[in-house]
Amino acid sequence: MAAKSQICSVWLGSETGILKGVSLTKKQAFNFCEMSCMSRDQEVCVMAWGDPHESEVLVGSVNGTVKTFSTDKGIFTATRECGDPSQGRFTGLAVTDSSMITCVESGLLKVWKEGSTETAEVNVGNGVCRMQQNQSQRHRVATGGKENPLKVWDLERPDKPIFTAKNVAHDWLEMRVPVWVRDIGFIPDSDKIVTCTGHHQVCVYDPSTPQRRPVLEAQFGEYPLTALSLPASQGTVVVGNSHGELAILDLRKGLVCGCLKGLAGAVRGLQCHPSLPLVASCGLDRFLRVHSLEDRSLQHKVYLKSRLNCVLLSSRELESSNADVSGDVEEVKAEEEEDEVWDTMETVTEKSKKRAAQKDEATVTGLDGEKKRKLIKKK
């Protein structure tokens, strides 16, 4: 239960364009939005921390804007036009010490210098599904998508990628396996990169070796994998698919260590806690769930009314006074309370016994008294 108390709040982006904050300690949920201009094109598709202190959340919307939300003040403090909706939605958002990085589906990656209108542009290829930043080397990012293999870029020398992955080997019918990178993660304290694909594959690449094919390849389930996240304990990865299945995979053997149950819709957002054995997930079933990676139990479950796209874990407490700006505060009913209610309810069995007795009586209807008594004795 100690791990449960150290994760204070969770931030989520929804399809309706609302930024949602959930205080797990106070069991409250808050909606932050500009009610005067809400529309479908403000759907939140990417989120990232604006600073290491978690005092700012960068929110990327479908309409090409990136908003800065202050977690201290509880308001949006800035809006920046960073994309053209005709080029697709954002597939990645990151920050460095002096710039912001955005990437869209068309493959246009931009580096926005702080305090300047000039941008550096890199074409990373069409059909991008994900752009991910290397947290230990923040000037490096990885991209990948549909028929767009994994590439690693050094933004200080963006002329060409420093690593381009090669597709997996042909299948057992000697047919080419289509490329479809859905999510990417940099394995800490190493050069290795893990990806999940739309063909339920998990691949590990090692750019420090001459080999461009995966050094490990595993599969999970039968449906497209949509998200992944790396836990604090190295050697495993958490993946989710389009049918609401979550699993922990061993990156050394390529085996499934266990599954996390309870989801009922496609997984869209996953994030593991940086120091605790916890993972938060969200998706189409409108629930935020926090699971323990040690015993795979469900720690928190919160219904948030909107389809959710992305999630950020925070160690800072969400102040209730910050929600006064949006005026939308909801009490969260704890999942543990619901479980207690169900556990205390009695199991009803009398009804089924009565039906069985009525059926037996119906079988002896029409018999004389002697035969009826013999039948009862046999029973």
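- Under an unreviewed UniProt entry, the protein has the name WD repeat-containing protein 74 and belongs to Cyprinus carpio carpio.
- Database annotation for the protein, UniProt heading Subcellular location (unreviewed entry): "Nucleus, Nucleolus".

### Comments concerning the overall build of the protein
Working step 1: Assigned secondary structure in the protein consists of 4 helices and 29 strands.
Working step 2: Residues classed as buried in the protein amount to 49% of the 379 residues present.
Working step 3: In the protein, once contacts between residues fewer than 6 apart in sequence are set aside, the share between residues at least 24 apart is 45%.
Working step 4: With an accessible surface of roughly 19,600 Å², the protein has 49% of that area assigned to carbon and sulfur atoms.

### Some details on the sheet that holds strand β24 (residues 267-272)
Working step 1: Taken in spatial order, the 4 strands line up as β24-β25-β26-β27 in an open sheet, and their pairing is antiparallel. The strands lining the two open edges of the sheet, one partner per strand, are β24 and β27 (298-303). Neighbour-to-neighbour, the strand axes of this sheet turn through a mean angle of 15°, independent of strand direction.
Working step 2: Note that strand β26 (residues 287-292) and β27 share 5 bridges and pair antiparallel. Bridge assignment links His291 to a residue of β27, and that residue is Leu298.

### Some words on the packing of aromatic side chains
Working step 1: One pass over the structure, following the stated rule, counts 7 aromatic pairs.
Working step 2: Judged by centre distance (5.1 Å) and plane angle (65°), the ring pair of Phe69 and Phe76 falls under edge-to-face.
Working step 3: Ring plane angle 65° and centroid distance 6.4 Å describe the contact between Phe163 and Tyr205, whose orientation is recorded as edge-to-face. In this pair, Phe163 sits in strand β15 (residues 163-164) while Tyr205 sits in strand β18 (residues 201-205), placing the two residues 42 residues apart along the sequence.

### Re unusual backbone geometry
Working step 1: Despite not being glycine, Lys27 has its phi angle at roughly 55°, a positive value.
Working step 2: Take Lys27: it is sitting in the loop between β2 (19-23) and β3 (28-32).
Working step 3: When its relative accessible area of 34% is taken as the criterion, Lys27 is described as partly exposed.
Working step 4: With a phi close to 70°, Lys305 is a non-glycine residue in the positive phi region.
Working step 5: Mapping Lys305 onto the fold places it in the loop between β27 and β28 (308-314).
Working step 6: By relative accessible area, which is 52% here, Lys305 ends up exposed.

### Concerning the environment of Asn31
Working step 1: With respect to the helices, strands and loops of the structure, Asn31 is situated in strand β3.
Working step 2: Taking relative accessible area as the criterion, Asn31 reaches 8% and is therefore assigned buried.
Working step 3: Taking the C-alpha atoms as reference, Asn31 lies 6.0 Å from Leu19; in sequence the two are 12 residues apart.
Working step 4: A polar atom in the side chain of Asn31 sits 3.0 Å from the side chain of Lys20.

### Regarding the pattern of salt bridges
Close approach of charged atoms allows side chains of opposite charge to pair.
Working step 1: Per the counting criterion, the structure on display carries 9 salt bridges.
Working step 2: Linking Asp285 and Arg289 is a salt bridge whose minimum nitrogen-to-oxygen distance equals 2.5 Å.

### Describing the pairing of strand β23 (residues 256-260)
Working step 1: Pairing between strand β22 (residues 246-250) and β23: 4 bridges, direction antiparallel. Following the sheet pairing, Ala247 is matched in β23 by Cys259.
Working step 2: Between the antiparallel neighbours β22 and β23 lie 5 residues, among them Gly254 with a positive phi of about 75°.

Reading the values: the criteria
Residues numbered from 1 in each chain as written. Predicted model: local features only at pLDDT ≥ 70, side-chain atom pairs only at ≥ 80, totals over all residues. Heavy atoms only, no water. UniProt positions renumbered as here; feature names shortened; annotations may be inferred. Helix = DSSP H or I, 4+ residues; strand = E, 2+ residues; numbered from the N terminus. Buried < 20%, exposed > 50% of the residue type's maximum accessible area, 1.4 Å probe, protein only. Contact = heavy atoms within 4.5 Å. Areas by Shrake-Rupley, 256 points an atom, 1.4 Å probe, with all protein chains shown as cover. Pairing = 2+ DSSP bridges. Axes fitted to C-alpha atoms, helices over the stretch in contact; angles between N-to-C directions. Phe/Tyr/Trp six-rings, centres within 6.5 Å; stacked < 30°, edge-to-face > 60°. Polar contact = N/O pair within 3.5 Å; in protein donor to acceptor, adjacent residues only side chain to side chain. Salt bridge = Lys/Arg side-chain N within 4 Å of Asp/Glu carboxyl O.

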